[in-house]
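Spelled out from the first residue to the last, the chains are:
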Amino acid sequence: MTRLEEYLRSARNRAFVGRTAEMGAFRSALAGDAVFTVLWLHGAGGTGKTTLLRRYAVEAERANRQVVRVDRFEPGGMISALLAAVPPIPAGASGPVVLVDEFEHWQSVEWWLREEFLPGLPMGTVVVLAARTPPGVEWTADPGWNEVLRVHEVGELSPAEAEMLLDRYAVPRRRQPFLAGLAGGNPLALRLAVEAAGADKDDDEIRLWLAQAVVRQVVGELPSAAHRHALEICAYAETTTEMLLRATVAEADAVDLFRWLCELPYAESGASGVRVLPFVRNAVRTELQWRDPVRHEAVLAPLGETATIESLPRTDFDTAVRDALRSWRRPDLLADNPLVHSRMVAASPAAPEPVAALRDVLQSTLETLGEDPRQGKQHRALIATYLGGAPTQEAAAERLGLPFSTYRRHLNRGLEVLCSLLWRRESTGLS
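Counting from 1, residues in each chain are numbered in the order their sequence is written. At least 70 in pLDDT is required for a residue's local features to be given in this predicted model, at least 80 for side-chain atom pairs to be given and counted, and no such filter applies to totals for whole chains, interfaces and linings, which use all residues. Calculation of side-chain values draws on the structure's entire complement of heavy atoms; hydrogens and water are dropped beforehand.

1. A word on the overall build of the protein chain
1) Next: Looking only at helices and strands, one finds 23 helices and 7 strands in the protein chain.
2) Next: Throughout this description, buried means an accessible area under 20% of the type-specific maximum (1.4 Å probe, protein chains only), exposed means over 50%, and partly exposed covers the range between. Considering the protein chain as a whole, with its 431 residues, one finds that 47% of them fall into the buried category.
3) Next: Throughout, a residue-residue contact means that at least one pair of heavy atoms, one from each residue, lies within 4.5 Å. Taking as baseline every contact in the protein chain between residues at least 6 positions apart, the subset at least 24 positions apart corresponds to 69%.
4) Next: Working note: accessible area of the protein chain is about 21000 Å², and carbon and sulfur atoms make up 52% of it.
5) Next: Asp and Glu count as negative and Lys and Arg as positive, but His and the ends of the chain are not part of the count. By convention, charge coordinates are those of NZ in Lys, CZ in Arg, CG in Asp, or CD in Glu. Distance from the positive charge centre (48 side chains) to the negative charge centre (56 side chains) of the protein chain: 7 Å. Segments assigned H or I by DSSP are reported as helices when at least four residues long, segments assigned E as strands when at least two residues long, and all are numbered from the N terminus. Per-residue accessibility takes into account occlusion by the displayed protein chains alone, with areas from the Shrake-Rupley method and a 1.4 Å probe.

The following block contains the structure:
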């Protein structure tokens, strides 16, 4: 192994976090717990499927297994190239570890691979197929393949794992909430956000640079203008239904567009409709608003922007503020907080990214509170408790050097003042 190879492998290992289930499944297969195992990894672009394949290769090499890496071949040459890549296995030797990336491009030869090639490999073989889409019924409904096929969705990192990744890139804790809010738990988006932040870009530049990268590398080329319109609608609507597409996208069949949205690797379907993942939603909104402000308004208009604004009673508003502070490091929970649909968030410059906008509103209002000399103790209690990373209120009190009862008094008073400032911002528009 060359020094460059060693350096690349070391750097990749340092940046690898999470994926406990996927690594456990591969190690189990490698240990021979099954006579033959096919692992199917699927997930949106940038979730780390290729990174997992690299880790699998390292694990297999350490176990003295033959590793065959297969990337996308040119159409028409896939079969011959794959046959050439997998040499004959000596009798008695363990089967190879075959790692196939971008398997979604293998549709033209998938039948041959499933029915001819894979069944001909020796016992003990481990095959990993990485694709953006899950296996079709030809695999899952077959009683034979059902015995040896293991399917894992490579999803977003948890908030704790995302924080760990940002720590490994030495991102200051004060910058992490903003970057995590833009990128969610998508590893590629997180790394791109880190790169942009390291280039001394301001927040608006980071937001746009990341949006352009996600649209280019995760969303990619779309089949038609109608598909792009449908995705834009999905990025702005809380949830998208076939009926909504029929009312807003006149240039195509709403049935086909809705099915297409449901099948996107970066979309989630539920009882109320389909929605794209937050980091893609943020990117599509930001990129469209920058690229074509007039079209941005045209997409937004039929959705009735003002209808998404929720007017909460004061008691519910205060509860939502406290919940948002407790969820400061959890973008997934902040996305479900009713304040993301509030007037003050809609008026934020970061409004296309609701989580980032909510954090911006909370942080700027906290700064306003901190500028008042009379509220210094209350401000410090709020920061130590919610933004400072203290694991418990007792730990926050200890950091501040205060008796717990004194700390609680400052914290409760700070919450009252903060809620009042935010309520004025919500009800009057004055910050």
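2. Some remarks on the nonpolar core
1) Next: Within the largest apolar cluster, 56 residues are counted, with the highest numbers of intra-cluster contacts made by L210, V214, L231, L245, L261, Y266 and V280.
2) Next: Looking at this core element by element, the count peaks at 8 residues for helix α11 (residues 203-219).
3) Next: Once residues within four sequence positions are removed from consideration, L210 is found in contact with L182, A183, A189, L192 and A193. Nonpolar cores are built from buried Ala, Val, Leu, Ile, Met, Phe, Trp, Tyr and Cys residues. Side-chain atoms within 4.5 Å join them into one set.

3. As for helix α14 (residues 254-263)
Because each turn of an α-helix spans 3.6 residues, side chains separated by three or four positions in sequence point in the same direction.
1) Next: Buried within α14 we find A254, L257, F258, W260 and L261. Taken down its axis, α14 places every buried residue within 160° of arc, on the same side. Along α14, exposed side chains directed more than 90 degrees from the buried face belong to R259 and E263.
2) Next: Sitting at the head of α14, D253 places a side-chain oxygen 2.8 Å from the backbone nitrogen of V255. Directions are taken from the helix axis to each C-beta atom, and the arc is the one they span. Under this definition, polar contacts are N or O atom pairs within 3.5 Å; protein pairs additionally need one hydrogen-donor-capable and one acceptor-capable atom, and for neighbouring residues in sequence, both atoms have to be side-chain atoms.

4. With respect to the packing of helix α2 (residues 20-30) against helix α3 (residues 49-62)
1) Next: Contact geometry for α2 and α3: axes closest at 11 Å, N-to-C directions at 35°. Considering the relative orientation of α2 and α3, their crossing is right-handed. Note on element contacts: α3 touches α2 through L52, R55, Y56, E59 and A60, opposite E22, M23, F26, R27 and L30.
2) Next: Gly falls in the polar group here, along with every residue not listed as nonpolar (Ala, Val, Leu, Ile, Met, Phe, Trp, Tyr, Cys, Pro) or charged (Asp, Glu, Lys, Arg). Grouping the constituent residues of the contact of α2 with α3 by class yields 6 nonpolar, no polar and 4 charged. Helix axes are fitted to C-alpha atoms over the stretch in contact, other axes to C-alpha atoms as well, and angles between N-to-C directions run from 0 to 180 degrees. Should the near helix be turned counterclockwise from the far one by less than a right angle, the crossing is left-handed, whereas a clockwise turn marks it as right-handed.

5. Some details on the pattern of salt bridges
1) Next: Within this document, salt bridges are pairs made up of a side-chain nitrogen of Lys or Arg and a carboxyl oxygen of Asp or Glu, the two lying within 4 Å of each other. Under the defined criterion, the tally for this structure stands at 16 salt bridges.
2) Next: The partner of D323 in a salt bridge is R326, with the nearest N and O atoms 2.4 Å apart. Here R326 and D323 lie together in helix α17 (residues 314-326), a separation of 3 residues that amounts to about one turn.
3) Next: Salt bridges sharing partners connect three or more residues here, namely E163, D167, R173 and R329.

6. Observations regarding the environment of A237
1) Next: Position of A237 relative to the elements: it lies in the loop between α12 (225-236) and α13 (242-248).
2) Next: Separated by 66 residues in the primary sequence, A237 and L303 place their C-alpha atoms 7.0 Å from one another.
3) Next: If sequence neighbours within four positions are ignored, A237 has contacts with L244 and L303.

7. Quick look at the packing of aromatic side chains
Aromatic rings in a pair are described by how distant their centres are and how their planes are angled relative to each other.
1) Next: Only centres within 6.5 Å qualify two rings of Phe, Tyr or Trp (six-membered ring in Trp) as a pair; their planes then separate them into stacked at under 30 degrees, edge-to-face at over 60, and tilted for everything else. Under the defined criterion, the tally for this structure stands at 8 aromatic pairs.
2) Next: A centroid spacing of 4.0 Å and a plane angle of 10° characterise the contact between F26 and Y56, whose relative ring orientation is stacked. Of this pair, F26 sits in helix α2 while Y56 sits in helix α3, and the two are 30 residues apart along the sequence.
3) Next: By relative accessible area, F26 is classed as buried at 0%.
4) Next: On the basis of relative accessibility, which here comes to 0%, the residue Y56 falls in the buried class.
5) Next: Taken together, the aromatic side chains of W40, F103, W106, W139 and W145 make up a single cluster linked through ring pairs.
6) Next: Residue placement shows R114 over the ring face of W139; its charged tip is 5.5 Å from the ring centre.
7) Next: Should the NZ of a Lys or the CZ of an Arg lie within 6 Å of a ring centre and within 35 degrees of the ring normal, that charge is described as sitting over the ring. Between R359 and the ring centre of W328, over which it is positioned, the NZ or CZ distance is 5.7 Å.

Keep in mind that these numbers describe shape and distance, not what the molecule does.
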